[in-house]
Amino acid sequence: MSGPQKIRRSSVSASEPPKTIPIPTNPSGIASMAGQSPSAQFSTSPRLATSPGGTALGRSFQQAAAANARQLTAFLPPTYPIPEGDEGTATPTRQGKVRILLLENINIDAANFLKAQGYEVDHFTKAFSEDELIAKLPAYHAIGIRSKTKITPKVIDACPQLLVIGCFCIGTNQVDLQHAARHGIAVFNSPFSNSRSVAELVIGEIISLSRQLVDRTSEMRAGIWNKVSKGCWEIRGKTLGIVGYGHIGSQLSVLAESFGMNVIYYDVMPIMPLGTANQVATLDEMLANSDFVTLHVPEIPDTIGMMGPEQFAQMKDGAYFINNARGKVVDLGALADALESGKLAGAAVDVFPKEPGSNGPGFNETLGDFIPRLRKLPNLIMTPHVGGSTEEAQRAIGNEVATALTRYLNYGTSIGSVNFPEVDLRAITADDEAHIRVCHVHRNEPGVLRAINAILGGHNIEKQFSDSKGDIAYLMADISGVQYEEVKDIYEAIKGTRANILTRLLY
Ligand SMILES: NC(=O)c1ccc[n+]([C@@H]2O[C@H](COP(=O)([O-])OP(=O)(O)OC[C@H]3O[C@@H](n4cnc5c(N)ncnc54)[C@H](O)[C@@H]3O)[C@@H](O)[C@H]2O)c1
């Protein structure tokens, strides 16, 4: 884009997305956009869209809505620096594709989805070290990682054109979220895509524990035939106590009832039961009445150590205990005591207070002095934090995070971000030809709205939404009747406001 252009009149329709859309690189924080179907603008929340059964609904809803949406593209001022490597090309346009770096073997469907949006995607199986990130990430506008790549303040400072980070996993501890937000970088993750996988694992564990399947299998591997029925039970008619009736706990409740179990649950929030489950008033009441107790709470100060010697003592004799939530929620020394004494008949543990950083030997006393004790116990199922590790969950995570990245890059939508205020606007439609969208990340200070509205005041503000989270605020506004020649001035004026962190204009 070497000189002023006319605003695109909308020959582009949702059903016929353009083959290429000009996309700026973004060393100083101007909008970056890719050619993609605008249907994402209309999709339901990405979390809903990837829940079981939700994908199909989301798609058909998107398809229906897509007919009216207008493809947005990015404003690029003439002063914009030419990206490195573009100087020698036939048309040094100061434009380039949005470049996305995917690390840690992110699901191939997600990579293909992002490529299909018109982004340039580099896909690596390994994690990058801090030094590698500092060397390579500055050339990218977005990065997708899992849990091993650390996005530190040093990395963020080295990447002025980075717009968004996708954590293709549950946790976001590997990213300095505040530092990212202060640099206008939104971070997305996928906290609930693997709920079903965890719930199914718990069902498998309940049956395996009550039938001592792991012990029988170990004996057979050792050449021992041990046909016993003593201490082996059907699960029908037994009571399952669920601590934490959220995404996983509530799905588990439905599955368990279909096996004929009675379900009771304890949660700090009053939550409407599914099926014939019953909420109980206290943890003690639940522990005293359950044949199986399973934890599905977050790791927060209130829950750390919530299962200790006292709580195991309150459980029924011969009951079973399952933890697929977070390692610090349980005192594993106390669990070892309860199993060694025969108070509990078995347990399943998927998560540990300290976990090895990589696959291979390493599950030993360095992680806690209770580990050697646990390794010797019968009817104890131990798994390496695989509760959510299924092909389906990986696909769902890939779908959710890739969609969130696309929506943010292309439409400014921050719904689902963990470090940003969540802001969205309904689509600019095909009829709204001279509309532009302002996406303005700024410090949360008084007077910003007044300043921005003074800049936009000469135009009709069709819709506007602003929200804040801590130090950071995010404003989206659609304004109409804007000629291309005016766009640069609007951009420069907003960018020049006192609290500006990042301004992107989409038109
Ligand atoms: N093992 C794995 O691979 C794996 C996979 C996914 C999730 N998880 C973990 O499972 C846990 C549950 O996940 P989720 O998606 O169902 O979470 P969620 O946020 O949907 O539900 C958690 C529930 O716990 C309740 N809660 C909070 N504090 C409580 C307390 N002190 N006592 C009782 N209830 C309390 C909340 O009100 C909420 O209903 C989390 O710790 C998550 O990290 C583990």
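Residues numbered from 1 in each chain as written. Predicted model: local features only at pLDDT ≥ 70, side-chain atom pairs only at ≥ 80, totals over all residues.

Going by what an unreviewed UniProt entry lists, the protein is known as 2-oxoglutarate reductase and is assigned to Trichosporon asahii var. asahii. In its Function (unreviewed entry) section, UniProt records this for the protein: "Catalyzes the reversible oxidation of 3-phospho-D-glycerate to 3-phosphonooxypyruvate, the first step of the phosphorylated L-serine biosynthesis pathway. Also catalyzes the reversible oxidation of 2-hydroxyglutarate to 2-oxoglutarate." (UniProt positions renumbered as here; feature names shortened; annotations may be inferred.)

A. Structural context of helix α14 (residues 391-411). With 21 residues, α14 should cover 30 Å at 1.5 Å per step; its first-to-last C-alpha distance of 29 Å lies within 8% of that length. G412 sits one or two positions beyond α14 and adopts a positive phi of about 80°. (Helix = DSSP H or I, 4+ residues; strand = E, 2+ residues; numbered from the N terminus. Expected span 1.5 Å × (residues − 1).)

B. Just the pairing of strand β6 (residues 239-243), in detail. The buried count for β6 comes to four of five residues, which makes it a mostly enclosed element. Of the strand pairs in this sheet, β6 and strand β7 (residues 262-266) are connected by five bridges, and their pairing is parallel. Residue pairing in the sheet places V243 in a bridge with Y266 of β7. At this point the chain moves from β6, through helix α9 (residues 247-258), to the parallel β7, and the crossover so formed is right-handed. Bridge count for β6 against strand β9 (residues 292-295) is four bridges, and the pairing is parallel. Directly across from L240, in β9, lies its bridge partner F292. (Buried ≥ 20, exposed ≤ 12 C-beta atoms within 10 Å, placed from the backbone. Pairing = 2+ DSSP bridges. Right-handed = clockwise from strand over helix to strand, strands pointing away.)

C. Here's a closer look at the sheet that holds strand β10 (residues 319-323). Across the sheet, which stays open at both edges, the seven strands sit in the order β8-β7-β6-β9-β10-β11-β12 with parallel pairing between neighbours. Every other strand in the sheet has two partners, leaving β8 (278-279) and β12 (380-382) as the edge strands with one partner each. Lying over the sheet, α9 contacts β6, β7 and β9, oriented at roughly 165° with respect to β7. Sitting on the sheet, helix α12 (residues 332-340) is in contact with β10, β11 (344-349) and β12, with an inclination near 145° to β11. (Contact = placed C-beta atoms within 7 Å. Axes fitted to C-alpha atoms, helices over the stretch in contact; angles between N-to-C directions.)

D. The arrangement of the confidence of the model for the protein in detail. Per-chain confidence: the protein averages 84 in pLDDT, with 81% of residues scoring 70 or above. For the stretch residues 1-67, pLDDT sits under 50, and the model shows 168 contacts to residues farther than four places along the chain or on other chains. Note on residues 86-95: pLDDT under 50 across the span, and 18 contacts to partners over four residues away in sequence or across chains. (pLDDT = per-residue confidence, 0-100.)

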